[in-house]
2 protein chains.
Amino acid sequence: MEQETQELRRVGLKVTHPRMRILQIFEEDGIHHLTAEDVYKKLLAYQEDIGLATVYRVLTQFEAAGILVKHNFEGGQAVYELDRGQHHDHMIDVDSGKVIEFVSEEIEKLQHQIAASHGYVIEDHSLVLYVRPKSRSK
Amino acid sequence: MEQETQELRRVGLKVTHPRMRILQIFEEDGIHHLTAEDVYKKLLAYQEDIGLATVYRVLTQFEAAGILVKHNFEGGQAVYELDRGQHHDHMIDVDSGKVIEFVSEEIEKLQHQIAASHGYVIEDHSLVLYVRPKSRSK
DNA sequence: CTCCCTGCAAAGCTTTTGCACGGAT
DNA sequence: ATCCGTGCAAAAGCTTTGCAGGGAG
């Protein structure tokens, strides 16, 4: 709780109940990639009376503050996760919906080379692999 | 026109006016990545009286038939392009909105290695680089 | 002649916004 | 005491769907 309070102060946001609870949900063990709806449902499960609009507003503020990273995977709903500083890409198990993170210095390097060869510098990038367990692949 | 007719017959879709015109728009020179709204505006410019709902339906059918590929880039709107058989990734110039295509066998290979090392097989993947011209980069 | 296709309008879904009240500093 | 933050409801933006008339095979 002290930790979350300081985190919010650090980024210049008032320490309010909804912000604390939402931040705590992301810091819980378990699933780290949550949609606004996921967060809202968890709040409901905790008997919290926090509106969905507030969830959206807080997620947007946290993203702007660098606390969360937003991803636009397929399926319409944006997904958020804590920004732990280290960039990584994602692999999504299409059977279970599970999200696996990975890092590849080689791919990062190749991306920069490709952009450079076209006269560009990379501002941001998105790499998502949609995968299926090897054993039961088609 | 003969070409489009055969293409539609080949995939088992009735040859209707809306489908012909939409297919022709994708086969025109120029921009190859279009949103449903883009297609609709082009139809309007050609004095065609085709509803936006039909555009969405036809794009969905073309995607299912393998004529078009759908991409979910950032910004909410889905983007479609002709499926010319060869897989490629995209680079988006964030200043101009221009879309550049590229292919990297090395990245493809690395992706498969990474998936395999986690016990998975790739079903699909999405790689998008958001770039800025080198000369006026921040 | 039979379905498939289409335009229109309405509905769906995710996300954003206006407003007035309430709470943090 | 000030603003900022919040809940609620309404609105917005993209896409899908129900319906009844029209057209392709």
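So, how was this worked out
Residues numbered from 1 in each chain as written. Chains lettered and ligands numbered in written order. Predicted model: local features only at pLDDT ≥ 70, side-chain atom pairs only at ≥ 80, totals over all residues. Heavy atoms only, no water. Near = heavy atom within 4 Å. Polar contact = N/O pair within 3.5 Å; in protein donor to acceptor, adjacent residues only side chain to side chain. Helix = DSSP H or I, 4+ residues; strand = E, 2+ residues; numbered from the N terminus. Nonpolar A, V, L, I, M, F, W, Y, C, P; charged D, E, K, R; others polar. UniProt positions renumbered as here; feature names shortened; annotations may be inferred. Contact = heavy atoms within 4.5 Å. Buried < 20%, exposed > 50% of the residue type's maximum accessible area, 1.4 Å probe, protein only.

Teacher, can you tell me more about the protein's contact with DNA strand C here?
Taken together, 19 residues lie around DNA strand C, and Tyr56(A), Thr16(B), Arg19(B), Thr54(B) and Arg57(B) are the ones closest in. At the protein interface, 71% of the atoms of DNA strand C within 4 Å belong to sugar or phosphate. The backbone of Gly51(B) places a nitrogen or oxygen atom 3.2 Å from a phosphate oxygen of DNA strand C. Arg57(B) has a polar side-chain atom sitting 2.8 Å from a base nitrogen of DNA strand C. Every element with two or more residues in the surface near DNA strand C is listed here: helix H4 (52-64) of chain A together with helix H2 (17-27) and helix H4 (52-64) of chain B. The residue makeup of the surface near DNA strand C, split by class, is 7 nonpolar, 5 polar and 7 charged.

Where do I start with the UniProt feature "binding site: Fe cation" (unreviewed entry) in chain A in this structure?
Residue and element names in this part refer to chain A. Per the UniProt record, "binding site: Fe cation" (unreviewed entry) is found at His87, Asp89, Glu108 and His125. Of the residues just listed, which span 39 residues, no C-alpha pair is farther apart than 10.4 Å, and they cluster in one region. When you line up the elements, His87 lands in the loop between strand E2 (79-82) and strand E3 (89-93). Contacts of His87, omitting those with residues within four sequence positions, involve Val103, Glu108 and His125. There is a polar contact of 3.1 Å between the side chain of His87 and the side chain of Glu108. Along the chain, Glu108 falls in helix H5 (residues 105-117). Taking relative accessible area as the criterion, Glu108 reaches 15% and is therefore assigned buried. For Glu108, the residues in contact, after removing those within four places along its chain, are His87, Asp89 and His125.

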